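# Structure at a glance
Given next are the chains, with one letter for each unit.
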Protein chains: 2
Amino acid sequence: AIRYLSKRRQQRVRLIGDTLRQEGFDLVLLQEVWSEQDYGELKGKLAGCYPFSHYFRSGVIGSGLCVFSRFPILDTLLYQYSLNGYPYMLQHGDWFCGKSVGLVVMKISGIIFNVYVTHLHAEYCRDKDAYLPHRLVQAWELAQFIRHTSKAADVVLLGGDLNMHPEDVGIRLLRGWTGLQDAFAEATHFEGCKNGCTLVPDNCFTDKSELLPFPLGIRIDYILYKVTGVSAHQLGVLGVRHCCDPPCPLTQAISSFTVKCEELKTTTGRAPGMDIPFSDHEAVMATLHIQRQGQPAGATLGTADPALADVVTEARAEVGVGLRAARRQRYSSGRMAVLALLLLLLQAAAALGTLAGLGAEQPFPKLSFCLLAFLAIGVLVLATGLHLFHTMEVKMLHGTEEQMWMVLRALQERP
Amino acid sequence: AIRYLSKRRQQRVRLIGDTLRQEGFDLVLLQEVWSEQDYGELKGKLAGCYPFSHYFRSGVIGSGLCVFSRFPILDTLLYQYSLNGYPYMLQHGDWFCGKSVGLVVMKISGIIFNVYVTHLHAEYCRDKDAYLPHRLVQAWELAQFIRHTSKAADVVLLGGDLNMHPEDVGIRLLRGWTGLQDAFAEATHFEGCKNGCTLVPDNCFTDKSELLPFPLGIRIDYILYKVTGVSAHQLGVLGVRHCCDPPCPLTQAISSFTVKCEELKTTTGRAPGMDIPFSDHEAVMATLHIQRQGQPAGATLGTADPALADVVTEARAEVGVGLRAARRQRYSSGRMAVLALLLLLLQAAAALGTLAGLGAEQPFPKLSFCLLAFLAIGVLVLATGLHLFHTMEVKMLHGTEEQMWMVLRALQERP
């Protein structure tokens, strides 16, 4: 929903508001709500059925992330990814959004929920994906952020547009390193686009040429979940959509929960009874059944170790490719800046020489001399900016590569 | 330690390395190690007594943060503050460092430590501190990051250059919102500069004119600590510097710890036996005594509530001041960009008019016409950049103000 650019934006925002009000979900995670006005409109309309909401601000345009909830939001935190495309790729506006992950903490029936909403960097060309290292760094930072912030939570939910196919290395990294489960894969009952696709040719806002290799569409929007370790909370049962079970008596001081996805649904192109869809992506709706159980859930991470090491190795190799490319770009922009500076110095020397009367006459016409100087200044400013940007990029890619290496070492040392 | 700029850098890095090796601390948190080469040198020298270390990469120059430890580092996470000065304030290089907070997780004698190291934006002029809103946002983000990531930790330690006096609103906000205690205030025994100052006139690298209103110096570097709530871990006792007590038998499944600062020391200007100090700031060294206790520690936060609401209100007012200033700057840079664009369009129209033969002759000399156009382009690029930057600044200040408001509401709702 980009103001002035997105097709039939206002109508769709109204439609989304109406539908959310009718459906009465427990929790709604939205992405790409770029305009705070649209958020304000939704907030006003949904005040009755979703009295709690939060909009995450970030970057130049905004993170586009917001949350509406039937239950009180206790706390929030925003983590902006350290890498997110390039500011000079104006046609791919990702950099200007300051892509982030937002966390809202909620307590429902005594169960502490850490709910994460995010939107990763888009994939503009799958065959030659220049943004793969950045998206992988984002997937890694997302996983690390979830791991470090969810230790006191009973249930972790992640929803959003991850811009990755289910078998992509970034998804495997995220799931392997956090232990999150895919609601689509686990759902008892599914209804919607085939294979759970969320970017489908039937949607009139999608770019058909992008989907040529995938005639059914692709699945890039997810609801993931997990229960975390041991906790000592009051008992309660809830569905993200409906409360399904009556609460049962509290028998143990230390216990854990199970989460089961009972139903997963997607929209299918058009909004019911309308000629347009809600958005270019299909909405994903999950009904989760959360129940206290006596014994702590088994450690998902421990059993997935051998596969996890392979995934981290693969991801680290991709980050390494990005690191080498960033280093090349840092070098060439630095060289360009130095050349422009040399040219300027030469020109300054020539001008000073002429002023001091060393040369009999000025060798260049004034206008071209002046134009050349401005050109050199322009190149100097641009190349310096690029050099600074790629220096930051190198640092963040290098830092991520090292963190992954640390994890790999730890995984290999485990029996 | 800035390469090529800082005085006697290499000698001081060697000196720091030698001293750390001699003293044999358990844990060392360094700031302003801007050069990775210096970190590499320290790492090589300290490999024997501090086998575990981590360097946090960030921004153009780097965060300058690193950690050396006798005990294994299990995990790390870096959070870059969303606001950190202005890129065009080249003389105050803070923006280029990408100021951050680094987290390392460690397990010592079965106790889980979350150790945070940070360095906040410098204060260049106390009377008219243009960076106060940014530093307050950083203090807030630091507090939120600690709160959200430390829930599974037994003991939280924070060390670093906070660039705030002990009574400043940012310190009160940080301490009030996290429950962290000040090692200097709690220390049983203190030895070092009067009032625990860490920026003192006796240090030959400090700017004497800055310290004129504070003849004893100021205290802006801190070691803060707290124990977190209930946990169920194996018993252990340790000092950040020395293990002080023998471990006692494990009697309860759920228990907590107490932390006491037994001794706090600072360096006093010169390094022992040398003619120069280690750095422009004095080093702070704490000996902490950590002991398991039967009953969970009292909730520090609960008792500080009325004062906390005042602190948050005060901090929010300061952030509001910054927000209004940022909005003014966003507006004026936007207006400047529009004016430059209008001038360029006018010039383009005039040039086209001349080319089309509408005017009898060109009204301006070519050179000035050309210079004016370049000037307009330059102003347009700069003003657009400024506008984008201040747009981000407004978003982050606004977001923080809203978060603080949410906290205030929650504090007021409590009985």
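Values in this document were obtained by computation on a predicted structure and should not be read as measured data.

### Structural notes on the nonpolar core
Among soluble globular proteins, nonpolar side chains are generally buried collectively. Ranked by size, the top nonpolar core spans 147 residues in total, and within it Met106(A), Phe113(A), Leu162(A), Met106(B), Phe113(B) and Leu162(B) carry the most contacts. Beyond its immediate stretch of four places on either side in the chain, Met106(A) contacts Leu27(A), Ser69(A), Phe71(A), Pro72(A), Ile73(A), Leu74(A), Ile111(A), Ile112(A), Phe113(A) and Val115(A).

### Some details on the relation of the copies chain B and chain A
Between the two copies, chain B and chain A, the superposition gives an RMSD of 0.0 Å; the rotation angle is 180 degrees and the shift along the axis is 0.0 Å. Taken together, the turn and the small shift mark the pair as related by a two-fold rotation axis. Among all residues of chain B, the minimum C-alpha distance to the rotation axis is found for Thr149(B), at 2.3 Å. Of all interface residues in chain B, 100% are interface residues in chain A too; the two copies therefore contact each other through one and the same surface.

### What to know about the sheet that holds strand β11 (residues 256–266) of chain B
All names here are of chain B. Pairing is mixed across the open sheet formed by 3 strands, whose spatial order is β9-β11-β12. Either end of the sheet is taken by a strand with one partner, and the two such strands are β9 (189–191) and β12 (284–293). Across this sheet, the average inter-strand angle for adjacent strands is 25 degrees, counted without regard to direction. Sheet topology places β9 next to β11; 3 bridges connect them, and they run parallel.

### As for the UniProt feature "transmembrane region" (unreviewed entry) in chain A
According to UniProt, the "transmembrane region" (unreviewed entry) feature falls on residues 337–360 and 366–389 of chain A. Between the C-alpha atoms that bound residues 366–389 of chain A the distance is 35 Å, and the span itself is 100% helix and 0% strand.

### Thoughts on the packing of helix α4 (residues 132–149) of chain A against helix α9 (residues 366–413) of chain A
All names here are of chain A. Running from N to C, α4 and α9 cross one another at 55 degrees; their axes reach a closest spacing of 11 Å. It follows that α4 is oblique to α9 by the angle criterion. Viewed along their axes, α4 and α9 form a crossing whose handedness is left-handed. Residues Pro133, His134, Val137, Trp140 and Gln144 of α4 form the contact with α9, whose own contacting residues are Glu393, Leu397, Thr400, Gln403, Met404 and Val407.

### A word on the interface of chain B and chain A
Each partner contributes residues to the interface: chain B has 41 residues there, and chain A has 41 residues. Of the roughly 3,800 Å² buried between chain B and chain A on both sides combined, carbon and sulfur atoms contribute 68%. On the chain B side of the contact with chain A, Arg57(B), His148(B) and Lys395(B) bury the most area, a combined 18% of that side's loss. For the pair chain B and chain A, the number of links is 4 salt bridges. Inspection of the region where chain B meets chain A yields 16 residue pairs in polar contact (both at pLDDT 80 or more). When contributions to the side of chain B that touches chain A are tallied by element, the ones reaching two or more residues are β4 (73–80), α3 (94–97), β5 (100–108), α4 (132–149) and α9 (366–413) of chain B. A breakdown of the residues in the side of chain B that touches chain A according to their chemical character gives 21 nonpolar, 12 polar and 8 charged.

### Notes on the side chain of Asp38(A)
All names here are of chain A. Residue placement: aspartate 38 occurs in helix α2 (residues 36–46). At a separation of 2.8 Å, a polar atom in the side chain of aspartate 38 contacts the side chain of arginine 9. Setting aside residues up to four positions removed in sequence, aspartate 38 forms contacts with Ala1, Arg9, Val13 and Val33.

### Things to note about helix α2 (residues 36–46) of chain B
Residues and elements named next belong to chain B. When α2 is considered as a whole, its buried residues turn out to be Asp38, Tyr39, Leu42 and Leu46. One side of α2 holds all its buried residues, which, seen down the axis, span an arc of 100 degrees. Residues of α2 that are exposed and point over 90 degrees away from its buried face: Gln37 and Gly44. Those residues of α2 hidden inside the fold are in contact with α1 (9–23), β1 (27–30), β2 (52–55) and β3 (66–69).

### Observations regarding the pattern of salt bridges
A side chain with one charge can pair with a side chain of the opposite charge if their charged atoms come near. Scanning all chains against the criterion turns up 28 salt bridges over all chains. Notably, a salt bridge pairs Asp129(A) with Arg135(A), separated by 3.0 Å at the nearest N-O pair. Per residue, the accessibility class of Asp129(A) equals that of Arg135(A), and both read buried. Put simply, Glu123(B) and Arg126(B) hold a salt bridge, and the shortest N to O gap is 3.0 Å.

### Some details on the pairing of strand β7 (residues 155–161) of chain A
Residues and elements named next belong to chain A. Counting buried positions along β7 yields 7 of 7 residues, so the element is predominantly enclosed. Residues of β7 alternate between two faces, with Val155, Leu157, Gly159 and Asp161 on one and Val156, Leu158 and Gly160 on the opposite face, all of them buried. Note: strand β6 (residues 111–119) against β7, 7 bridges, orientation parallel. Bridging from a neighbouring strand, asparagine 114 pairs with valine 156 of β7. Taking the sense of rotation as the criterion, the β-α-β connection linking β6, α4 and β7 turns out right-handed. The pairing of β7 with strand β10 (residues 221–227) spans 7 bridges and is classified as antiparallel. Bridging from a neighbouring strand, leucine 157 pairs with tyrosine 225 of β10.

Calculation rules
Residues numbered from 1 in each chain as written. Chains lettered and ligands numbered in written order. Predicted model: local features only at pLDDT ≥ 70, side-chain atom pairs only at ≥ 80, totals over all residues. Heavy atoms only, no water. Core = buried A, V, L, I, M, F, W, Y, C linked by side-chain atoms within 4.5 Å. Buried < 20%, exposed > 50% of the residue type's maximum accessible area, 1.4 Å probe, protein only. Contact = heavy atoms within 4.5 Å. Least-squares fit on C-alpha atoms with pLDDT ≥ 70 in both. Pairing = 2+ DSSP bridges. Helix = DSSP H or I, 4+ residues; strand = E, 2+ residues; numbered from the N terminus. Axes fitted to C-alpha atoms, helices over the stretch in contact; angles between N-to-C directions. UniProt positions renumbered as here; feature names shortened; annotations may be inferred. Parallel < 35°, antiparallel > 145°, perpendicular 65-115°, else oblique. Left-handed = near helix turned anticlockwise from the far one by under 90°. Buried area = accessible area lost by both parts, 1.4 Å probe. Salt bridge = Lys/Arg side-chain N within 4 Å of Asp/Glu carboxyl O. Polar contact = N/O pair within 3.5 Å; in protein donor to acceptor, adjacent residues only side chain to side chain. Nonpolar A, V, L, I, M, F, W, Y, C, P; charged D, E, K, R; others polar. Arc of directions from axis to C-beta. Right-handed = clockwise from strand over helix to strand, strands pointing away.

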